[in-house]
Protein chains: 2
Amino acid sequence: MGLSTAFTRLFGVEHPIAPAPMGGSAGGALAAAVSRGGGLGLLGGAFGDRKWLARELAVLAAEGPGKPWGVGFLSWAIDVGAVEWALERGPTAVMLSFGDPRPFAERVRDAGSTLIIQVTDLEEARRAVDLGADVIVAQGTEAGGHGARRGRSTLPFVPAVVDLVAPVPVLAAGGIADGRGVAAALALGAAGALLGTRFQATTEALVDPATAKALIEARGEDTERNRVLDIARGSSWPEAYTARTLGHPFLDRWRDREHELAADPHEARRAYEDAVSRGAIPPLPLWAGEAADLIDDLPSAADLVGTLAMEAEHALARAGGHRPPRL
Amino acid sequence: MGLSTAFTRLFGVEHPIAPAPMGGSAGGALAAAVSRGGGLGLLGGAFGDRKWLARELAVLAAEGPGKPWGVGFLSWAIDVGAVEWALERGPTAVMLSFGDPRPFAERVRDAGSTLIIQVTDLEEARRAVDLGADVIVAQGTEAGGHGARRGRSTLPFVPAVVDLVAPVPVLAAGGIADGRGVAAALALGAAGALLGTRFQATTEALVDPATAKALIEARGEDTERNRVLDIARGSSWPEAYTARTLGHPFLDRWRDREHELAADPHEARRAYEDAVSRGAIPPLPLWAGEAADLIDDLPSAADLVGTLAMEAEHALARAGGHRPPRL
């Protein structure tokens, strides 16, 4: 039967589901698998590393030819050249997250690509509409990885965004890792859901087996938002963004002392580098969302998209007192 | 048609909706109106003030006779006597929130009253099952008023609780203020929703007109969790709980300096009392949840219950691609 929404109709995809374009891990294999499964595949363009993108675009072209696809960038981190370079590859959509999308929005639209803007508050949502966003992703603070320091929670945030930006379709992001969450997103008025952590734990995500295992074992209460790990590893993420991560020795040491750490990070950075080089800690934080409780397997992303959609349909039917479709 | 759930069947009510038993404001008129509207009315027993309860029970008996009703208490604040006193009045349900429910749970069950336990993390949920809870309320950090300092967000928390406590029915609380939120709660697997701030802004809540007006005007981003106002007003709420409130002059002054304030609260308390006596600030903080964006009217709670249920049914039908019921 399928869940038809403004999002599925806009992209001509079967299911209202997209993976977060996670930098480094949402590569061509993941995007292709999501496309094969009936969702919209998105590449994690992040900082605009063209070498990485070129490699992953080749994978995508080999594994998922002829399907709609998109690429996500961090607005605060890229220059116009990165977007233009990507647009020359003909993406169906370009997604801009975190920071000021103004320098890039018009170019995306002029190139005929669908403009997706991720927002973390109502003011950003308003500006995204003004910039002509075709799709707005409303990200709640439950999300794994980076987000607004003072974030909104997905459940109350999504309907507020939906009301503000109508008729622009909204994707809900943050705290969604199973079909019930996708169903809830649709019930809130969203046209679909964008899932990050759940797609990290798939066979196609570019993460090492230890990361996938940690995500499967993690509980939501093991996650917390912090900037400690960005400071300790010398990341250039702006102060306005924290990241939801799993526990970490540096977090235990510096939790609630971020100002102190930021004021004099040098020794902590050396200690972090030392620990990485000794193999005592992984080079990157383990980004994970609060929906980690709901992740307990390592499926193919292609199968996952179909499972999520079927579960969502079932959840909506059950909740509404309709006869559920057969699972 | 109606949304039939384990909650509606357990209590024999029409709609899977209950108001949070808000101390001081969820009185007999509100409980009676909710009952008339087809939900489960709950009195805000809070600290167990018998004089207040006796008065509000009389109102409830006069305005809503013969319907199921319940009373909520703060587990950390009451003694067994308060629960026994309430049980003698024959409540359909007793709801225990925040703190250790063990001293009271067995008495509630022995009296034949339905035991509702509100939880803020999975460990509390596990313990609530062990205590024989008949209904578990999973409260997310979006909620207005008090909640766990390190709270979970409703969207990912509810399905995790549902999975953990099945087949015990779960109510979702926190961040829900319209029918879309109720629908999302059901899609997540909850058997209903418990709404606080939304019911504060009804004609039957015991709040002054200025509070109702402030809730209607408030936006979710105007709310923040803090303990500053509890410390400043000399409240006995334990350190483990913060409260989501609207902005406040004392909050601007002490935000992020809670430890400093708690270490030497005397001067701030005098200043708070002075400001209250001068009429510069209201005696109580303005508790409000993050779903405040969705509240823009002051209906009767009786009408509100029906509207929420109808909107929820509509949202589920729309999301699931079914023909929506007529609004």
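Residues numbered from 1 in each chain as written. Chains lettered and ligands numbered in written order. Predicted model: local features only at pLDDT ≥ 70, side-chain atom pairs only at ≥ 80, totals over all residues. Heavy atoms only, no water.

**With respect to the side chain of Glu224(B)**
Residue placement: Glu224(B) occurs in strand S10 (residues 224-226). On the basis of relative accessibility, which here comes to 14%, the residue Glu224(B) falls in the buried class. For Glu224(B), the contacting residues outside a window of four places in its chain are Arg150(A), Ala243(B), Arg244(B), Thr245(B), Leu251(B) and Arg255(B). (Helix = DSSP H or I, 4+ residues; strand = E, 2+ residues; numbered from the N terminus. Buried < 20%, exposed > 50% of the residue type's maximum accessible area, 1.4 Å probe, protein only. Contact = heavy atoms within 4.5 Å.)

**Overview of the domain arrangement of chain A**
All names here are of chain A. Taken domain by domain, chain A consists of domain 1 (6-207 + 296-319) and domain 2 (210-277). Averaged C-alpha coordinates put domain 1 and domain 2 at centres separated by 25 Å. On the domain 2 side, the residues contacting the 21 residues of domain 1 number 18 residues. Overall, the association of domain 1 and domain 2 removes approximately 1,700 Å² of surface from exposure, summing both partners, and the carbon and sulfur fraction of that is 61%. (Domains from an automatic or database assignment. Buried area = accessible area lost by both parts, 1.4 Å probe.)

**Quick word on the sheet that holds strand S7 (residues 145-148) of chain B**
All names here are of chain B. The three strands lie next to each other as S7-S11-S10, forming an open sheet whose pairing is antiparallel. Of all strands in the sheet, those bounded by a partner on one side alone are S7 and S10. Between one strand axis and the next, the sheet turns through 35° on average, direction left out of account. The sheet contact formed by S10 and strand S11 (residues 241-245) spans three bridges and is antiparallel. Along S11, the bridge assignment pairs Asn226 with Ala243. (Pairing = 2+ DSSP bridges. Axes fitted to C-alpha atoms, helices over the stretch in contact; angles between N-to-C directions.)

**Observations regarding the environment of Glu84(B)**
Position of Glu84(B) relative to the elements: it lies in helix H4 (residues 80-87). Taking the C-alpha atoms as reference, Glu84(B) lies 8.8 Å from Phe104(B); in sequence the two are 20 residues apart.

**Re the pairing of strand S5 (residues 114-119) of chain A**
Residues and elements named next belong to chain A. Across the six residues of S5, six count as buried, placing the element largely inside the fold. By the alternation rule, side chains of S5 split into Thr114, Ile116 and Gln118 and Leu115, Ile117 and Val119, which are all buried. As paired strands, strand S4 (residues 93-97) and S5 are joined by four bridges and run parallel to one another. By the bridge assignment for S5, Met95 is matched with Ile116. As defined by bridge partners, S5 adjoins strand S6 (residues 135-139) across four bridges and the pair is classed as parallel. Its bridge partner lying in S6, Ile117 is registered against Ile136.

**Examining the packing of helix H15 (residues 301-320) of chain A against helix H15 (residues 301-320) of chain B**
Following both chains from N to C, one finds H15(A) and H15(B) inclined at 150°, their axes separated by 9 Å at the closest point. The pairing of H15(A) with H15(B) is recorded here as roughly antiparallel in orientation. Between H15(A) and H15(B) lies a crossing of left-handed hand. Residues Leu316(A), Ala319(A) and Gly320(A) of H15(A) pack against Leu316(B), Ala319(B) and Gly320(B) of H15(B). (Parallel < 35°, antiparallel > 145°, perpendicular 65-115°, else oblique. Left-handed = near helix turned anticlockwise from the far one by under 90°.)

**Details of the nonpolar core**
If you look at the biggest cluster of nonpolar residues, it comprises 193 residues, and the most contacted ones within it are Phe73(A), Phe199(A), Phe73(B) and Phe199(B). Not counting chain neighbours up to four residues away, the residues in contact with Phe199(A) comprise Ile17(A), Ala18(A), Pro19(A), Met22(A), Leu30(A), Val34(A), Ala205(A), Ala301(A), Leu304(A), Val305(A) and Leu308(A). (Core = buried A, V, L, I, M, F, W, Y, C linked by side-chain atoms within 4.5 Å.)

**A few points about the relation of the copies chain B and chain A**
Between chain B and chain A, which share one sequence, the superposing operator has a rotation angle of 180° and an axial displacement of 0.0 Å; the RMSD is 0.0 Å. A rotation of that kind, with that shift, is consistent with a two-fold axis. In terms of proximity to the rotation axis, the leading residue of chain B is Ala184(B), whose C-alpha is 2.0 Å off the axis. Both copies contact each other with a shared surface, as 100% of the interface residues of chain B are interface residues in chain A too. (Least-squares fit on C-alpha atoms with pLDDT ≥ 70 in both.)

**Some remarks on unusual backbone geometry**
Cis geometry marks the peptide bond from Ala166(A) to Pro167(A), where omega comes out at 10°. Note that Pro167(A) resides in the loop between helix H7 (154-165) and strand S8 (170-173). Phi angles above zero are rare outside glycine, and Ala46(B) is one such case at about 45°. Relative to the elements of secondary structure, Ala46(B) occurs in strand S2 (residues 41-46). Notably, Phe98(B) is not glycine yet its phi reads approximately 60°, a positive angle. Looking at the secondary structure, you find Phe98(B) in the loop between strand S4 (93-97) and helix H5 (102-110).

**Structural notes on the pairing of strand S9 (residues 192-195) of chain A**
Residues and elements named next belong to chain A. The side-chain alternation of S9 yields two buried faces, one formed by Gly192 and Leu194 and the other by Ala193 and Leu195. Across three bridges, the pairing between strand S1 (residues 17-19) and S9 is parallel. Looking across to S9, one finds that Pro19 is bridged to Leu195. Inspection of the sheet shows S8 paired to S9 by three bridges, in the parallel sense. Paired with Leu171 across the strands is Gly192, a residue of S9. A crossover connection joins S8 to the parallel S9 through helix H8 (residues 179-187); in handedness this β-α-β unit is right-handed. (Right-handed = clockwise from strand over helix to strand, strands pointing away.)

**A short note on the side chain of Glu290(A)**
If you trace the backbone, Glu290(A) turns up in the loop between helix H14 (266-277) and H15. Since its relative accessible area comes to 3%, Glu290(A) is described here as buried. Looking at Glu290(A), its side chain comes within polar contact range of the side chain of Arg152(B), at 2.6 Å. In terms of polar contacts, Glu290(A) uses its side chain to reach the backbone amide nitrogen of Ser153(B), at 2.8 Å. Once residues within four sequence positions are removed from consideration, Glu290(A) is found in contact with Glu142(A), Gly220(A), Thr223(A), Arg244(A), Arg152(B), Ser153(B) and Pro156(B). (Polar contact = N/O pair within 3.5 Å; in protein donor to acceptor, adjacent residues only side chain to side chain.)

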